[in-house]
Amino acid sequence: MPGLRPASPLLFILIAAAVAGVTPSPRSPADLSGDWHLLVDDSIVAEKHGVTRRYHAFAKDPRNPVLVADRPWEGKVIYVYGSALPGEDGRGYRLWYHAWQGGEYRNLYATSPDGVRWEKPVLGLVEFQGSKDNNLLFRRTREDHLPVVLWTPDDPDPARRYKLINYDYGRTKPANLVSGFWGATSADGIHWRDLPSNPVLADPGDVGNFVWDVRARQYLGYPKVFAPVRGFRRRAVGYTATNRFEQWPPAELILVPDQVDDRWVTQDKQHTDFYGLCAFPYESGYIGLLWIFRITDGNNDGPIFVELVSSRDGVKWHRQEGDRPPLLDVGASGAWDSGMITTVNQPLVEGHRIKLFYGGARHTHGGTKNAEAAVGVATLRKDGFASLDAPAATPGLVTTCRWRGGGGPLRVNGDFRGGVLRAEVLDADGRVIPGYEMAQCVAVTADGIDLPVRWREHSELPPSAQGRQLRFQIAGGSLYSFHVGPGVIWEEPAAVPDRAIDFSERVDPARLALVGGAVVQAGEGGNPALVLKKAG
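Residues numbered from 1 in each chain as written. Predicted model: local features only at pLDDT ≥ 70, side-chain atom pairs only at ≥ 80, totals over all residues. Heavy atoms only, no water.

**A word on the layout of surface pockets**
For step 1, the next point in the chain: Each pocket or cavity is described by its volume, and for the second largest pocket that value is around 400 Å³.
For step 2, the next point in the chain: Lining the second largest pocket are 23 residues, and of these Tyr79, Tyr81, Tyr105, Tyr275 and His365 sit closest to its centre.
For step 3, the next point in the chain: When contributions to the lining of the second largest pocket are tallied by element, the ones reaching two or more residues are β5 (78–86), β22 (340–343) and β24 (353–361).
For step 4, the next point in the chain: Taken together, the residues that form the lining of the second largest pocket break down as 12 nonpolar, eight polar and three charged. (1 Å grid on protein atoms, 1.4 Å probe; cavity = no way out; pocket = protein on both sides within 12 Å on 5 of 7 lines; lining within 4 Å. Points joined across faces, edges and corners; volume = space filled by probe spheres on them. Helix = DSSP H or I, 4+ residues; strand = E, 2+ residues; numbered from the N terminus. Nonpolar A, V, L, I, M, F, W, Y, C, P; charged D, E, K, R; others polar.)

Next up, the structure:
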């Protein structure tokens, strides 16, 4: 692959360092971690009454598609399994994407001043039909694709501040005979050098998404794996993590389709697979964009769209409640993205909005005869994946789990126009702290992503080494997230013991249909017992 060139200077970091007189620790715009606590699931909720969790979909830009296949080397199909990042100076956007034409993949690069108008710069790196005047990024074989790029500006080696991991089927002689994910490093995200031992993750799954977890100081990978689930060999989600980019352990199965995923099935052999998972650290937890593949023909055809999953550790995932509405759905019949949706490995946060670049296809997964695909963009309120809502006439209550640490003012992200939010603070024993009662709280009646919550005599949370809880009252509004200061440690809920149900007569375990963490083992008196394992 082409050699390296020096990395572009991070001017804003150098200026900040000169002013502060300290050695900077650059933060990548891909680092979405922070101290806000989202209410996308009940992992930090102790109790809630009279509230409804409402999910919010990304809004597609009406100017979509923003990037289309218009070069000979792109054919008619371009899309992202890839990455989007701002420019190194914080301005504009860079996109790593790929094209598919005639059974050949091509890895590409584009830039944009605003995320809508895109340029395909002449890179001069890879020859196509006798010329290097194109935006082809690199080429090992005709089958390597899925260019996921990680920007780690705090890497001490300037030549390694960009990492690339992408997939090759391993069917090209003489050197590319092992299927899996290959790694490379770069100073600028354009000129790449392969790692000495490739593939870094030998894996049969040809879809995978990867991120750098700043909090855990490790790289996370979510490659596709296969698992037998209710009579089908299904695509599912694997997990792997490493602090050495050059060496990844084998992926372990962490997420499979459940019975709710198959609720739409009306014909024999129809079922749901998980085509991929783009998971990333977001504020104090993890958010996942789960690609849902509904196999409508019972073989390999059907639409792909995106649902939300959430986690506290990036391994154990919460699914949406109820009917699981799409986070990003396919378009209307005949639209440019009516067949399939895929996404970049993670979105970007810009002020009060989340911006997500995605690939859209007019055809479904098996409809490659008249394939067309392009790239679009969609946005969502910051932290806006889900909210807890209550009507004004019947206020709802939300009590958090107990936490330690933090401090300073209480802030919330919510919309309370036409309604009101109040809060009170509880001590380690669950008693309301004097001066922090609900009646003393100044009503919050605005809409914003960073609204202060105050009490008549207090503008900051009370100090406590023993732990505290919050109780919110929502009367006509939506609460998305809250902030109680840095360094918060949430207390684990009390352990739930395994529960065993004894049968009064002998039961053949082979005749029992067991779902999730249920097992049959010997109970009291030697009778078979159905043991229900605790969640997680």
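**As for the sheet that holds strand β16 (residues 232–242)**
For step 1, the next point in the chain: Read from one edge to the other, the open sheet built from four strands follows the order β14-β15-β16-β17, with strand pairing classed as antiparallel. Each having just a single partner strand, β14 (208–213) and β17 (252–255) make up the two edges of the open sheet. Strand-to-strand twist across the sheet, computed as the mean angle between neighbouring axes with direction ignored, equals 40°.
For step 2, the next point in the chain: Sheet topology places β14 next to strand β15 (residues 218–229); six bridges connect them, and they run antiparallel. Note that in β15 the partner of Phe210 across the bridge is Gly221. (Pairing = 2+ DSSP bridges. Axes fitted to C-alpha atoms, helices over the stretch in contact; angles between N-to-C directions.)

**Thoughts on the sheet that holds strand β32 (residues 469–475)**
For step 1, the next point in the chain: Read from one edge to the other, the open sheet built from four strands follows the order β2-β27-β32-β30, with strand pairing classed as antiparallel. What marks the edges here is a single partner per strand, and that holds for β2 (45–49) and β30 (420–426). Ignoring strand direction, the axes of neighbouring strands in this sheet form an average angle of 15°.
For step 2, the next point in the chain: Both β30 and β32 contribute to a ladder of seven bridges, which runs antiparallel. Across the sheet, the residue bridging to Leu421 is Ile474, located in β32.

**Quick notes on the nonpolar core**
For step 1, the next point in the chain: Residues Phe58, Leu95, Trp192 and Phe385 are the most contacted members of the largest nonpolar core, which totals 105 residues.
For step 2, the next point in the chain: Top contributing element to this core by residue count: strand β19 (residues 285–295), with eight residues.
For step 3, the next point in the chain: When neighbours within four sequence positions are excluded, Phe385 is seen to be in contact with Leu38, Val40, Arg54, Tyr55, His56, Phe58, Tyr282, Ile287, Leu308, Leu327, Ile354 and Leu380.
For step 4, the next point in the chain: In this structure, Leu388, Phe416, Leu470 and Val488 belong to the second largest nonpolar core, which totals 31 residues. (Core = buried A, V, L, I, M, F, W, Y, C linked by side-chain atoms within 4.5 Å. Buried < 20%, exposed > 50% of the residue type's maximum accessible area, 1.4 Å probe, protein only. Contact = heavy atoms within 4.5 Å.)

**Regarding the pattern of salt bridges**
Opposite charge on two side chains permits pairing when their charged atoms draw close.
For step 1, the next point in the chain: Tallied over the full model, the rule gives 42 salt bridges.
For step 2, the next point in the chain: Its salt-bridge partner being Asp450, residue Arg411 comes within 2.8 Å of it at the nearest N-O pair. Remark: Asp450 occurs in strand β31 (residues 447–453) and Arg411 occurs in strand β29 (residues 410–415); sequence separation between them is 39 residues.
For step 3, the next point in the chain: Note on Asp450: relative accessible area 40%, which makes it partly exposed.
For step 4, the next point in the chain: Through salt bridges that share partners, Asp258, Asp261, Glu307, Arg319 and Arg324 make up one connected network. (Salt bridge = Lys/Arg side-chain N within 4 Å of Asp/Glu carboxyl O.)

**Structural notes on the environment of Ala175**
For step 1, the next point in the chain: Tracing the sequence through the fold places Ala175 in the loop between β10 (162–168) and β11 (180–186).
For step 2, the next point in the chain: In this structure Ala175 comes out as exposed when scored by relative accessible area, which is 59%.

**Brief notes about the side chain of Arg234**
For step 1, the next point in the chain: Mapping Arg234 onto the fold places it in strand β16.
For step 2, the next point in the chain: Every residue in contact with Arg234, bar those within four places of it in the chain, is listed here: Val225, Phe226, Ala227, Val229, Pro257, Asp262, His271, Thr272 and Asp273.

**Observations concerning the confidence of the model for the chain**
For step 1, the next point in the chain: Per-chain confidence: the chain averages 89 in pLDDT, with 87% of residues scoring 70 or above.
For step 2, the next point in the chain: Within the model, the stretch residues 529–536 combines pLDDT values under 50 with 35 contacts to residues more than four positions away or in other chains. (pLDDT = per-residue confidence, 0-100.)

**Some details on empty space enclosed by the protein**
Empty space among the atoms can be located by rolling a probe the size of a water molecule over them.
For step 1, the next point in the chain: Evaluation of the coordinates by the stated rule reveals two cavities of 30 Å³ or more.
For step 2, the next point in the chain: What the largest cavity holds in volume is close to 110 Å³.
For step 3, the next point in the chain: Broken down by secondary-structure element, the contributors of at least two residues to the lining of the largest cavity are β5 and β9 (145–151).
For step 4, the next point in the chain: For the lining of the largest cavity, a count of residues per class yields nine nonpolar, three polar and one charged.
For step 5, the next point in the chain: Of the pockets and cavities examined, the second largest cavity occupies roughly 90 Å³.
For step 6, the next point in the chain: Of all the secondary structure elements, the ones that give two or more residues to the lining of the second largest cavity are β1 (36–38), β19 and β20 (304–311).
For step 7, the next point in the chain: If you tally residues by element for the lining of the second largest cavity, the top one is β19, at three residues.

**Regarding the pairing of β20**
For step 1, the next point in the chain: Within β20, eight of the eight residues are buried, which leaves it mostly tucked inside the rest of the structure.
For step 2, the next point in the chain: The side-chain alternation of β20 yields two buried faces, one formed by Ile304, Val306, Leu308 and Ser310 and the other by Phe305, Glu307, Val309 and Ser311.
For step 3, the next point in the chain: As defined by bridge partners, β19 adjoins β20 across eight bridges and the pair is classed as antiparallel. Its bridge partner lying in β20, Leu289 is registered against Leu308.
For step 4, the next point in the chain: The sheet contact formed by β20 and strand β21 (residues 317–319) spans three bridges and is antiparallel. Counted as the bridge partner of Val309 is Arg319 from β21.
For step 5, the next point in the chain: The hairpin formed by β20 and β21 contains five residues between the paired strands, and Gly314 there has a positive phi angle of roughly 80°.

**Here we look at the side chain of Gln469**
For step 1, the next point in the chain: Turning to its location among the elements, Gln469 is positioned in strand β32.
For step 2, the next point in the chain: Taking the relative accessible area as the measure of exposure, Gln469 reaches 10% and is therefore buried.
For step 3, the next point in the chain: A distance of 2.8 Å separates a polar atom in the side chain of Gln469 from the backbone oxygen of Thr400.
For step 4, the next point in the chain: Apart from residues no more than four positions distant in its own chain, Gln469 is found in contact with Ala46, Thr399, Thr400, Cys401, Arg402, Trp403, Glu424, Val425, Leu426, Asp427 and Gly430. (Polar contact = N/O pair within 3.5 Å; in protein donor to acceptor, adjacent residues only side chain to side chain.)

**Considering the packing of aromatic side chains**
For step 1, the next point in the chain: Inspection of every chain in the model, using the stated rule, returns 25 aromatic pairs.
For step 2, the next point in the chain: Taken together, a centroid distance of 6.2 Å and an interplanar angle of 75° make the contact between Tyr222 and Trp317 edge-to-face. With a gap of 95 residues between them, Tyr222 in strand β15 and Trp317 in strand β21 connect regions that are remote in the sequence.
For step 3, the next point in the chain: Among the residues examined, Trp317 registers a relative accessible area of 11% and is labelled buried.
For step 4, the next point in the chain: Both rings, one in Trp403 and one in Trp490, keep their centres 5.9 Å apart while their planes meet at 55°; by these two values the pair is tilted. Pair noted here: Trp403 is in strand β28 (residues 403–404) and Trp490 is in strand β34 (residues 489–490), with a separation of 87 residues, a long-range link. With respect to burial, Trp403 and Trp490 carry one shared label: buried. (Phe/Tyr/Trp six-rings, centres within 6.5 Å; stacked < 30°, edge-to-face > 60°.)

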